[in-house]
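An overview of the molecular structure
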Amino acid sequence: MRVLAVELFLLELPLNEPFVASHGETRSRAIVMARVATTIGPGWGECSALPAATYTDESATGCYRSIGDELAPGLIGRPLPDDPSPDTVAVPGGDRGRPMATSCLEMALIDASLRSRGLSLARWLGAERDRVPAGVSIGLGTVGETVAAAERLVADGFGRLKVKIEPGHDARLVEALRRALPAVELQVDANGAYDEADVDDVARLVVGAAERGVDAIEQPFAPAAEAAAVELIERLASGRAVPVVADEAVSSVRDAARLLARGAMSGLSIKPARVGGIGESKRLHDLCLANGLPATAGGMLETGLGRHALAALAALPGFCLTGDLSPASRWLAADPWPDLTMVDGEILVPTDHGVGPEPDEALLERFTVDRRLVD
Ligand code: OSB
Ligand code: MG
């Protein structure tokens, strides 16, 4: 196939509530989407970078520029395989430190290829499950607000919660959640807010006091504080095996292999955007499976399209920790893309041809604040 044109859309989507993490607050969801026109048909991709460069170094508007100025022009007219595999799909110039921008065009190429071949993403990846357990993330809030939100979400069918924590806002929160919802699968995510001096506190939080502690902890320390992660994992080795899940610390297989060799992660959150795309996500999954490390599918406040990709990925066998697998409408108050379907606490793995379904053109028009054509 050859790419004839890339149409970029900068959308501004309303959120149901602000998303608050220790790295910052997201009040409205600026997000970049791309439609490619190719010799084998169209494809859609999502760039899930957040509005501001708080979680990682990439932002939605920064990606809008780098895709439009650099990545998309490099794609036009190049001969590419019609039927790439997860190992051969590649975006020219996509290996230079802008994984989220790259992942957008990679998704669009995969979508075009799978649509033209009548294949779903889950089948292309070799996934076998047709449903995956639903999980939901809860942003920072007071203990009372968080428990109330957690009770409401469990009543809606979510069996797993991932709650944001930070220093000084952790042990009391976990105890209150355990008291209110003793059976729920409880994960916590610190987005790197603790440091070396907090290893004792973090270990106590994970193990729990009279209560049961947590079922996983995500990115407790800053990505560079690998020694603290190693120490925590060693500290936890003698008890219940609670995974210390890397998120921000891993943007490639190379990062993951290094952390693994060093004993600095015992679980991995795989987010296609953070790692440069679906191909690298599949390789990270394979690395986890080969090493007996639980993987979890990580969300990024995606549209229905990004959530479709995540649900297909999560159907692979290495994803044994419940992921951020809630419908896009958990966060987005409006979305041009059709959403995932949740039934009895499970997400149905999409069977659409391609990565996901087509957007509603009228909604796309309504929420587009800027667009750009590269041809
Ligand atoms: O740290 O896991 C994170 C969302 C955006 C950026 C980083 C993170 C998150 C989430 C997932 O917590 C929320 C979701 O998409 O459901
Ligand atoms: Mg995280």
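Described below are features of the structure shown in this document.

Rules behind the numbers
- Residues numbered from 1 in each chain as written.
- Chains lettered and ligands numbered in written order.
- Predicted model: local features only at pLDDT ≥ 70, side-chain atom pairs only at ≥ 80, totals over all residues.
- Heavy atoms only, no water.
- Helix = DSSP H or I, 4+ residues; strand = E, 2+ residues; numbered from the N terminus.
- Polar contact = N/O pair within 3.5 Å; in protein donor to acceptor, adjacent residues only side chain to side chain.
- Donors = N, O, S within 2.8 Å, 3.2 Å for Na, K, Ca; no water.
- Buried < 20%, exposed > 50% of the residue type's maximum accessible area, 1.4 Å probe, protein only.
- Salt bridge = Lys/Arg side-chain N within 4 Å of Asp/Glu carboxyl O.
- Pairing = 2+ DSSP bridges.
- Axes fitted to C-alpha atoms, helices over the stretch in contact; angles between N-to-C directions.
- Phe/Tyr/Trp six-rings, centres within 6.5 Å; stacked < 30°, edge-to-face > 60°.
- Lys NZ or Arg CZ within 6 Å of the ring centre and 35° of its normal.

Some points on the side chain of threonine 322
If you trace the backbone, threonine 322 turns up in the loop between helix H10 (304–314) and strand S12 (342–343). Among the polar contacts made by the side chain of threonine 322, one reaches the side chain of glutamate 185 at a distance of 3.0 Å.

Describing the coordination of the magnesium ion (ligand 2)
For the magnesium ion (ligand 2), the full set of protein donor atoms is Asp189 (OD), Glu218 (OE) and Asp247 (OD), and the range of their distances to it is 2.0 to 2.2 Å. Between consecutive donor residues of the magnesium ion (ligand 2), the sequence gaps follow D-x28-E-x28-D. Taken together, the positions of aspartate 189 in strand S7 (residues 185–189) and aspartate 247 in the loop between strand S9 (244–246) and helix H8 (253–262) put the pair 58 residues apart, joining distant regions of the chain. Note on accessibility: aspartate 189 and aspartate 247 belong to one class, buried.

Notes on the pattern of salt bridges
When the charged atoms of two side chains with opposite charge come close together, those side chains can pair. A full pass over the atoms with the stated rule returns 30 salt bridges. In this structure, the salt-bridge partner of glutamate 346 is arginine 131, at a minimum N-O distance of 3.5 Å. Residue glutamate 346 is located in strand S13 (residues 346–348), and its partner arginine 131 is located in strand S4 (residues 131–133); the two are separated by 215 residues in the primary sequence. Glutamate 346 gets classed as partly exposed once you look at its relative accessible area, which sits at 27%. When salt bridges that share partners are traced, they join Arg160, Lys162, Lys164, Asp189, Glu218 and Asp324 into one network.

Notes on the sheet that holds strand S5 (residues 135–138)
Strands sit in the order S5-S6-S7-S8-S9-S10-S11 across an open sheet of seven strands; the sheet is parallel. Each having just a single partner strand, S5 and strand S11 (295–297) make up the two edges of the open sheet. Direction aside, neighbouring strands of the sheet carry axes that sit 25 degrees apart on average. Relative to S9, strand S8 (residues 216–218) runs parallel, the two being bridged by two bridges. Looking across to S9, one finds that glutamate 218 is bridged to valine 245.

Quick word on unusual backbone geometry
Both trends apply: most residues other than glycine have a negative phi, and most peptide bonds are in trans. At glutamine 219, a residue that is not glycine, the phi angle is positive and equals roughly 35 degrees. Classification of glutamine 219 by relative accessible area gives buried; the value is 5%. Even without being a glycine, aspartate 344 presents a positive backbone phi close to 50 degrees. Position of aspartate 344 among the secondary structure elements: in the loop between S12 and S13.

Here we look at the packing of aromatic side chains
For the coordinates displayed, the defined rule picks out three aromatic pairs. Between phenylalanine 9 and tryptophan 44, the ring centres sit 5.3 Å apart and the planes meet at 40 degrees, which makes this aromatic pair tilted. Of this pair, phenylalanine 9 sits in strand S1 (residues 3–21) while tryptophan 44 sits in strand S3 (residues 41–47), and the two are 35 residues apart along the sequence. Here the aromatic rings of tryptophan 44 and tryptophan 337 are separated by 5.0 Å at their centres, their planes lie at 85 degrees, and the arrangement is edge-to-face. With a gap of 293 residues between them, tryptophan 44 in strand S3 and tryptophan 337 in the loop between H10 and S12 connect regions that are remote in the sequence. The residues tryptophan 44 and tryptophan 337 share a single accessibility class, namely buried. Members of the aromatic cluster, each reached through a chain of ring pairs, are Phe9, Trp44 and Trp337. The ring of tryptophan 331 has arginine 330 lying over it, and the distance from NZ or CZ to the ring centre is 4.0 Å.

Describing the pairing of S3
Within a regular strand, side chains alternate between the sheet's two faces. Burial analysis of S3 places five of its seven residues in the buried class, the great majority of the element. Bridging between strand S2 (residues 24–38) and S3 involves seven bridges; their strand directions are antiparallel. Bridged to methionine 33 within S3 is glutamate 46. Between S2 and S3, which follow one another and run antiparallel, lie two residues.

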